[in-house]
Amino acid sequence: MAKMEGKLGAVGPYMLQNLVDDLPLDTPERQDVTVTCLESWGQNLYVGTSAHEILHLVSIPPTPHPEAPAKPCYILASRLQPLAASTPANPFIKQILVLPTVSKALVLSSTGWLTFYTLPEFSPAYNGTKLKDVSYIGGLDLNEEEREGIPEEGSSEDRPKLVMCHAKNKIRLVRCLSEEIRLVKDLPLSATLTSIRRDSIACVANNENYSLLDIENIQRIPLFPISAVSDDPPSLTTAAPPPPEHDAPPQRAISLSPDPQRERRNSAVEESTRLAPTPDPQSRSVSAGPLSRPSTANRMSGSHLAPSGEGSSSPGPAATPQQAAPTSRKSQPPPLPPKPLMPNIASPSPGEFLLTTGTRPEDPGVGMFVNLEGDVTRGTIQFEKYPDQLLVQGGWVIAVIPGKGLDMQRWDMENEEVLDESDRSGSIPLEGMVKMKEVLSLEGTEVADAGRTLKLVRVALRESKDEEETQREEDKFRNEEERIVARRISTVESRVVVFSGRKVWTLLRCPLAVQLDSRLPSFAEENFDGIVARVHRVLHVLQEVQSIEPSTETQFHEVSFVRQKCGLLVLGELLRITQKQTADITAHEILKTEVALMESALDPRFIVALFGPAFQDDIVESDKGVWVYGGIKEVFTNLRNSAEVGKSFTRDVLLLLKRYLASWRQKKGFGSVSDEKDVFRTVDAALLRALLMLDSPEYLKDKGKTVVPEGNIRTEIHALLDAGLDNLDHATKLLESFNRLYFLSIVYARAKQYRKVLETWRRIIEADDPTGEFKQGEERVKNYLLRLKEPDLVEEFGCWLASRNSTLGIQVFASPDSKVRLEPSRVLELLKEKAPDAVRAYVEYLVVEQKNETYASDLLTLYLTDLLSTLSSDPTASDSLQTTYTSYRALSNPKPTYHEFITDNSSPLSPPWWHNRLRFLSLLASSTSYDVPAITAKLSPHSSVLVPEMVILHGRAASHKEALHLLVHTLADYDTAINYCLFGGMSLFTVSTPTITPRSEQQELFQLLLDEFLELQDVGQRVEQTSGLLEKFGQWLEVEYVLKKVPDEWSVAILKGFLMSALRGLVRERAEVRIQRRLGGARNLDVEARWVKLVDERGPVVEGA
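Residues numbered from 1 in each chain as written. Predicted model: local features only at pLDDT ≥ 70, side-chain atom pairs only at ≥ 80, totals over all residues. Heavy atoms only, no water.

Engineer: How should the overall build of the protein chain be read in this particular structure?
Structural biologist: Summing up its helical and strand segments, the protein chain has 37 helices and 33 strands in all. In the protein chain, which comprises 1105 residues, the proportion classed as buried is 47%. Considering only residue pairs separated by 6 or more positions, the protein chain has 64% of its internal contacts joining residues 24 or more positions apart. If you sum the accessible surface of the protein chain, you get close to 55,400 Å²; carbon and sulfur atoms cover 52% of it. (Helix = DSSP H or I, 4+ residues; strand = E, 2+ residues; numbered from the N terminus. Buried < 20%, exposed > 50% of the residue type's maximum accessible area, 1.4 Å probe, protein only. Contact = heavy atoms within 4.5 Å. Areas by Shrake-Rupley, 256 points an atom, 1.4 Å probe, with all protein chains shown as cover.)

Here is the structure:
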């Protein structure tokens, strides 16, 4: 690839770049050598010079450089001087035609000699065969070229090529093969200058007119003349039959072996051509073939080609009387004839030819499109001056205008008025004699402007960050990756070269990003054409790019860049309008800006960063940074550094930002957003800030005065909070800063932070609800506590509510709808401590409403008394116990038993009541006799705190189901539950040797444990504990009972161990029975064998003998 060093002229549809620097053109004899023709294929560049030399150059890979674009270097491989006649003073190389499919090259000299060479080394081919008196070579089938493509260098493909060689009085059709060259036929057509062919139809031209030629049927259709002011009638004459080859001088003789398949046909054609009689003028001409056309007043008739002098010449306009009459003034010298116009032929499509016509070289020229039958197919193309050369590239016609340079026009436009001027035409000024050539292949060219614009670079969106200091090692690798991508997408493929004198350029299609970027105004411009006018310019460019559907990676990046830059520029201008107050903002600009921002696909954090330091605090930016196109970074930097942007906003602009962020938020979860987590955390925070600002007194004064109608802002805030925010911590700080406590409680409720919800409501109620958003607050607190399942929160905030409103407070503890049912003794204890004014009301409720008079019972033992006293007087004791349960439940399996857990966590520094409780547990688990029902009753108010005690008491009372329920569901002590089944309730929390429970009782306990395991809420724990129980202790359970209890939807893999063990037992039992049966059969056989043996030994016994 080669770097675009500089643009010649304004940015238009095409641009030039240097292809080769410092070509070694000069020779010792001449120092003014110029390039006359060239061809490129693969890594090879063949240059023809005015010194009649051919330079063969080969490109080598460039030296890698991390910053500079890769540019190939051409080195001279060989220098060749073909055969030239001695007559011309300054011969030069006229044409180089490379045929990759046969690995041959044809070189035409200005002297008329055509020589053949092999590729790529350019050594003589076909045993030095040469042709003389040749003026032009070409006429390759363009349809075949487009269909089969250009083979790469080194390809073994071998496809013969048919070449049209224009000689002095005929066109020779020559077929080039790998090993030989064959003459197919001669077409007796004289003085032709150029030709282009589609299949068998060729468009040819001499110095006067154009004609369509069917090379298969040897027919032609005359077309219009090249010049409209020609003094002589235009004619395309046929030549006399060529002389026999043996009449030529021996040194110029050529030997062409004819194609064996067409030798007979060619002979017949040539013979009929030479011997055709002169047709009778009165006879009616009949021509065969599709190109034969009837004679009309406006069209020249098609005719078979005939030798000159034997057939009618090409028709042309009749001589006028002035031309026929002799001149009367012989003393005046005749005027100089005008410079003839050279024909130009191109083929924009498989069924069309583009031809040029004009009057004089300095006058305008016209391009006309004709089909394969000679009919004009579409409108004409106008040229400022008659072009020297013509070329079609895609939808563009490129012409060399003498004295001007290159002119580009579109030929395939259907709706011209919607296109920008630069999309319809363009020009590149060049001086001197300019030529163009569409070569076989060229390496891609990197356009530096596009590379810098489209390369992704890292941008620090927070102004507090130092972009240079935040560079990480990972950024170096990312930069290198982006540099590679930028080089790839900024590389333009082209096969057109332009040369003039000693300079050679590549003609490149200007990248869309560079072309459209040049039409956009710069934000730094002052007093250019007005802010509103600049907005219109940007929106016009945006409208152009909207119709482009990207089909390649390069187009995708170019369209994305233009859309992003348009969105930024429009927003920057509108922000400047609000600050400068130089123009009235309209609904049209607001809505257009929203569309531009939404369709730009720019990271919304860049838009947020333009709204000042407050919004910049909402931006979430990871260590990887934010990456954006280099051209976008430049615009963003100018906008952010402007003193006119981000300082203040009108309500309209804030509403624009709100709608833009809300639209972006709808993309959440699609997975197509880069840095999705950081982007949507920023969007959530910035959208919440914009809504809160719109609902603040500073901006509420302008409500109803906006250009674009707005909705209910508070409703939108509720919808946003109900949908959930990604950046919870930042949202809470933001709501705190705006003192919107009720919205803050919604955020906490969404995050299931129930304590913070109640704490926030308490702040609102104690501050008398300054915003009026939390109406009937105490009633809502009561209803919330009734639905809550957290006992500690119900106790704490239920007592707080009872201290403010005793009627509502006792309903929290007494209502049958409460999710947390506390024992009356516990409630009384809490109320005596925190809400003494509500105690009487609660007791009255118990006595009057519930008729529950059993509160007292036997005193507990000293340990129990001390423990209950501590729990009643010291709330931290209950919290400590609850903490142990919570911590123990949080342990992952395998874990120690709860007894081992609290024992290991005990220390001499633990409070006394903790050690007393351990002793109390040990006492309960011992074999000491005590009144189980009485102690159970005393422990009931603290059953939620003293869970192990309740397990032991349930075991003593043979309430095995309740004990196992507490162990499994409350403590999550699964090992203790298994020990309970093996050794009974007396084995818990004791160091003595446990006594094994009878197997029948063990079976009953394991069945109960299986039921409890199957009722676990956590699916993972349920499956894990159940499968472990069945695998290790499945022998205590009946197969039928297990299969009946286990859910049908469970996988067999869960019961694998249990089923395998059960099946093993069945298989073992069956095998034992089978062995016993076979042993019995073997014993029977043994007895029978001994019986037979005894009978044989005794022999027969004759009775009565």
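On we go.
Engineer: Is there a simple way to think about the pairing of strand β8 (residues 114-118) in this case?
Structural biologist: Strand residues, when the strand is regular, have side chains that alternate between the two faces of the sheet. By the criterion of burial, β8 is predominantly enclosed, with five of the five residues buried. Bridge count between strand β7 (residues 104-109) and β8: five bridges; the pairing is antiparallel. Across the sheet, the residue bridging to Leu-108 is Leu-114, located in β8. Bridge count for β8 against strand β9 (residues 130-131) is two bridges, and the pairing is antiparallel. Directly across from Thr-115, in β9, lies its bridge partner Lys-130. (Pairing = 2+ DSSP bridges.)

Engineer: Help me understand the pattern of salt bridges, please; the structure alone is not making it clear to me.
Structural biologist: A side chain with one charge may pair with a side chain of the opposite charge, provided their charged atoms come close. Within the structure shown, the criterion is met by 45 salt bridges. Between Asp-186 and Lys-170 there is a salt bridge, with its nearest N and O atoms 3.6 Å apart. Linking Asp-186 in strand β13 (residues 181-187) with Lys-170 in the loop between β11 (161-167) and β12 (171-176), this pair joins segments that are 16 residues apart in sequence. Pair check on accessibility: Asp-186 and Lys-170 agree, each one buried. Note that Asp-363 is salt-bridged to Arg-360, the shortest N-O span being 2.9 Å. (Salt bridge = Lys/Arg side-chain N within 4 Å of Asp/Glu carboxyl O.)

Engineer: Honestly, the packing of helix α20 (residues 754-766) against helix α22 (residues 791-804) in this entry has me stumped. Any pointers?
Structural biologist: Two numbers describe a pair of packed helices, the interaxial angle and the distance between the axes. It is at 11 Å that the axes of α20 and α22 come closest, and there the two elements cross at 10°. Between α20 and α22, the angle is such that the two are roughly parallel. Contact residues: Tyr-754, Arg-755, Leu-758, Glu-759, Arg-762, Ile-765 and Glu-766 in α20; Asp-792, Leu-793, Glu-796, Phe-797, Trp-800 and Arg-804 in α22. Grouping the constituent residues of the contact of α20 with α22 by class yields six nonpolar, no polar and seven charged. (Axes fitted to C-alpha atoms, helices over the stretch in contact; angles between N-to-C directions. Parallel < 35°, antiparallel > 145°, perpendicular 65-115°, else oblique. Nonpolar A, V, L, I, M, F, W, Y, C, P; charged D, E, K, R; others polar.)

Engineer: Honestly, the packing of aromatic side chains in this entry has me stumped. Any pointers?
Structural biologist: Two measures describe an aromatic ring pair: the distance that separates the ring centres and the angle between the ring planes. Across all of its chains, the model carries 18 aromatic pairs by this definition. Where Phe-116 meets Tyr-126, the ring centres are 5.5 Å apart and the plane angle is 65°; that geometry is what we call edge-to-face. Here Phe-116 is found in strand β8, whereas its partner Tyr-126 is found in the loop between β8 and β9, with ten residues between them in sequence. Aromatic ring contacts, followed pair by pair, group Tyr-742, Phe-743, Trp-761, Phe-774 and Tyr-784 into a single cluster. The lysine or arginine in question, Arg-478, covers the ring of Trp-627, its NZ or CZ lying 4.3 Å from the ring centre. (Phe/Tyr/Trp six-rings, centres within 6.5 Å; stacked < 30°, edge-to-face > 60°. Lys NZ or Arg CZ within 6 Å of the ring centre and 35° of its normal.)

Engineer: Teacher, can you tell me more about the pairing of β12 here?
Structural biologist: For β12, a buried count of five out of six residues is recorded, marking the element as mostly surrounded by other parts of the structure. Here six bridges tie β11 to β12, and the two strands are oriented antiparallel to one another. Note on β12: the bridge partner recorded for His-166 is Ile-171. Linking β11 back to β12 in an antiparallel pair, the connection comprises three residues. Linking two consecutive strands that pair antiparallel, namely β12 and β13, is a turn of four residues.

Engineer: I keep staring at the environment of Leu-700 and nothing clicks. Help me out?
Structural biologist: Structurally, Leu-700 is set in helix α16 (residues 697-700). Judged by its relative accessible area of 33%, Leu-700 falls in the partly exposed class. Put simply, Leu-700 and Arg-651 are 49 residues apart on the chain and 8.6 Å apart in space, counted from C-alpha to C-alpha. Once residues lying within four places of it in the same chain are set aside, the contact partners of Leu-700 are Arg-651, Leu-694 and Asp-695.

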